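# A structural walkthrough
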Amino acid sequence: MHEKILTEVEKLENQIVNTLIRLCSIPAVSPHNGGEGEDKKIQELEKIIHELGLADKAKIKYEYVDDDKAPSGKRPSLFLEYPGKKSQRLCILSHVDVVPGGNLKPFVQGSKLYGRGVCDNGAGLVPSLFALKALLNAGLESEYTVLLAFVADEETGSHYGLEKLIERDLFRPDDLVLVPDWGNEKGDFIEIAEKSVLRLHFKVTGKQVHAAYPNRGLNACRVANMLAYEVDEALHKAFIEENKIFEPPFSTFEPTRRFANVPNVNTVPGEENFSFDCRVLPEISLDEVQDLVEKICKEIETSLDGWGSKIELQVEKSPAPAPTSPDSEVTRLLIKNIREVLKLEPFLGGVGGGTLAAFFRQKNIPAVVWSQVSEDSMHQPDEFIEIKFLVNNAKVFALMMAEAI
Ligand SMILES: [Zn+2]
């Protein structure tokens, strides 16, 4: 049976490439990034679903999230549910939107397909459709009920996509969820965990004066430098834990953004604003990190007592959900079929945070992130995908649909 499915997928290679070209010729950039949103691209996708004959037995529905900035006032996501032998569902969820820029006239060159969105997330989206098509062409019924979800607004944070949809009655605790939105060229990396994200925003107030008379004011730039240095040192000393499933295996605490202060060189600035971006191992409490940072702020404020310096701290916290278990059904099902298609042993690991799988993990629905992709080309102007990766992704998805673990 497996050979038959794999052969059917191979026969679809040209159609997979042509469908991806057709879809990626339609821009789907967020209105919050200067684009028109997903309307046109998702309508074309629905047309393709009908043309492939996938609509005959499937339930197809749109879900909308209001967005004042979108031309239609809302952002569309599309769901296709195709019945299988079991009522339990295998859900493959990809996103329709793309980042701005890049090539909107996709073209094939050598072994690669170039164009904005062909990799992120076309390399997951189109193969998921053709995996189902290959099963039907092989005359087989899928084991699981197949739920293909095509969602809006991943690239700007999912506020008009999965963040809202996950609160509706669309997913079930026993769904097996695969998000083909990250991976590597070998196809051996399965993401099951992520770090917590902590963002620290500091505002230091001093007193602005002429640079020739610093004694008459308080230099907010110097206080900010001191504060940033102390926070950097203290966090790296206090949280040294390592967890080998992550790369890098430790928590990261990075000073990142610094706002402009004064426009001229001979003025002592009276205000400084800067931020840290921290990716913290899930086993470390974000409250503990915050407590330490607050303590340092207080100490520096106290040491400058009498100078009128003020330090304000604003904190954004997104604690990581519990990792998806390596023993969960979806993880085992995926591993088995990667082995079969790619003839290699995949490894399980964690990333720095922010995948669509996190929304499912927050709801205790096990979700894994995997695909074989040209990872370095994602978000680049010359985004591309190796055509054989598209075929491999479709093969793995089709075998996952076909037979339960
Ligand atoms: Zn993506």
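Residues numbered from 1 in each chain as written. Predicted model: local features only at pLDDT ≥ 70, side-chain atom pairs only at ≥ 80, totals over all residues. Heavy atoms only, no water.

## Considering the overall build of the chain
When you go through the chain residue by residue, the secondary structure sums to 10 helices and 17 strands. Principal-axis analysis of the C-alpha atoms gives the chain an extent of 85 × 45 × 40 Å. When contacts within the chain are restricted to residue pairs at least 6 apart in sequence, long-range pairs at least 24 apart make up 80% of them. One finds the centroid of the 46 positive side-chain charges in the chain at a distance of 2 Å from the centroid of its 63 negative side-chain charges. (Helix = DSSP H or I, 4+ residues; strand = E, 2+ residues; numbered from the N terminus. Contact = heavy atoms within 4.5 Å. Lys, Arg positive; Asp, Glu negative; His and termini not counted. Charge placed at Lys NZ, Arg CZ, Asp CG, Glu CD.)

## What about the packing of helix 2 (residues 13-24) against helix 4 (residues 122-137)?
Working note: a packed helix pair is described by the angle between its axes plus the distance between those axes. Viewed as axis vectors pointing N to C, helix 2 and helix 4 meet at an angle of 130°, and their least axial separation amounts to 10 Å. It follows that helix 2 is oblique to helix 4 by the angle criterion. Two packed elements cross with a definite hand, and for helix 2 against helix 4 that hand is right-handed. Contacts between helix 2 and helix 4 involve Q15, I16, T19, L20 and L23 on the former and, on the latter, G122, L125, V126 and F130. (Axes fitted to C-alpha atoms, helices over the stretch in contact; angles between N-to-C directions. Parallel < 35°, antiparallel > 145°, perpendicular 65-115°, else oblique. Left-handed = near helix turned anticlockwise from the far one by under 90°.)

## Concerning the side chain of Q290
Note on placement: Q290 falls in helix 7 (residues 286-303). Residue classification places Q290 among the buried positions, given a relative accessible area of 16%. In contact with Q290, not counting residues within four places along its chain, are V315 and K317. (Buried < 20%, exposed > 50% of the residue type's maximum accessible area, 1.4 Å probe, protein only.)

## A few points about the environment of E272
Considering the arrangement of structural elements, one finds E272 in strand 13 (residues 271-280). Spatially, the C-alpha atoms of E272 and G139 are 66 Å apart, while their sequence positions differ by 133 residues. Other than its neighbours up to four places away in sequence, E272 contacts F202, K203, V204, A220, C221, A224, R258 and N261. Here R258 takes part through its side chain, which lies 3.3 Å from a polar atom of the side chain of E272. Engagement of the side chain of E272 in a polar contact is seen with the side chain of N261, the distance being 2.3 Å. (Polar contact = N/O pair within 3.5 Å; in protein donor to acceptor, adjacent residues only side chain to side chain.)

## Side note on the packing of aromatic side chains
Applying the stated rule across the entire model yields 11 aromatic pairs. Centroid distance Y62 to Y64: 5.8 Å. Interplanar angle 10°. Geometry classified as stacked. Judged by centre distance (6.1 Å) and plane angle (45°), the rings of F239 and F253 are tilted. You can see F239 sitting in the loop between helix 6 (220-238) and strand 11 (252-258) and its partner F253 sitting in strand 11, a full 14 residues away along the chain. The same class applies to F239 and to F253, which are both buried. Among the aromatic residues, ring-to-ring pairing joins F79, F171 and F360 into one connected group. K112 extends its terminal NZ or CZ atom over the ring of F384, reaching a point 5.3 Å from the ring centre. Directly above the ring of Y213 sits R216, whose terminal nitrogen or CZ lies 4.0 Å from the centroid. (Phe/Tyr/Trp six-rings, centres within 6.5 Å; stacked < 30°, edge-to-face > 60°. Lys NZ or Arg CZ within 6 Å of the ring centre and 35° of its normal.)

## Here's the deal with the coordination of the zinc ion
With distances of 1.9 to 2.7 Å, the protein atoms coordinating the zinc ion are H95 (NE2), D120 (OD), D181 (OD) and D181 (OD). Because the angles between the four donor atoms bound to the zinc ion fall within 52 to 145°, the donor set is best described as irregular. Linear spacing of the donor residues for the zinc ion on their chain is H-x24-D-x60-D. Separated by 25 residues along the polypeptide, H95 in strand 3 (residues 89-95) and D120 in the loop between strand 5 (112-114) and helix 4 bring together distant segments of the chain. Here H95 and D120 have matching classes, each one buried. (Donors = N, O, S within 2.8 Å, 3.2 Å for Na, K, Ca; no water. Tetrahedral: all angles 85-135°; square planar, octahedral: opposite > 155°, others 65-115°.)

## A look at the domain arrangement of the chain
Per the domain assignment, the segments of the chain are domain 1 (2-194 + 321-402) and domain 2 (199-318). Taken over C-alpha atoms, the centre of domain 1 sits 40 Å from the centre of domain 2. Facing the eight residues of domain 1 at the interface are five residues of domain 2. Carbon and sulfur atoms supply 58% of the area buried between domain 1 and domain 2, which totals about 470 Å² over both sides. Its largest share of buried area at the contact with domain 2, domain 1 owes to E194, G350 and G352, together 57% of the area lost on that side. For the interface between domain 1 and domain 2, the tally reads zero salt bridges. At the surface where domain 1 touches domain 2, the tally comes to two residue pairs in polar contact (both at pLDDT 80 or more). (Domains from an automatic or database assignment. Buried area = accessible area lost by both parts, 1.4 Å probe. Salt bridge = Lys/Arg side-chain N within 4 Å of Asp/Glu carboxyl O.)

## Brief notes about helix 8 (residues 329-342)
In an α-helix, one full turn covers 3.6 residues, which means residues spaced three or four apart are oriented alike. Relative to the 20 Å expected for 14 residues at 1.5 Å per residue, helix 8 spans 20 Å between its end C-alpha atoms, a close match to the ideal helical length. Looking at helix 8, one finds that the buried residues are V330, T331, L333, L334, I335, N337, I338, V341 and L342. (Expected span 1.5 Å × (residues − 1).)

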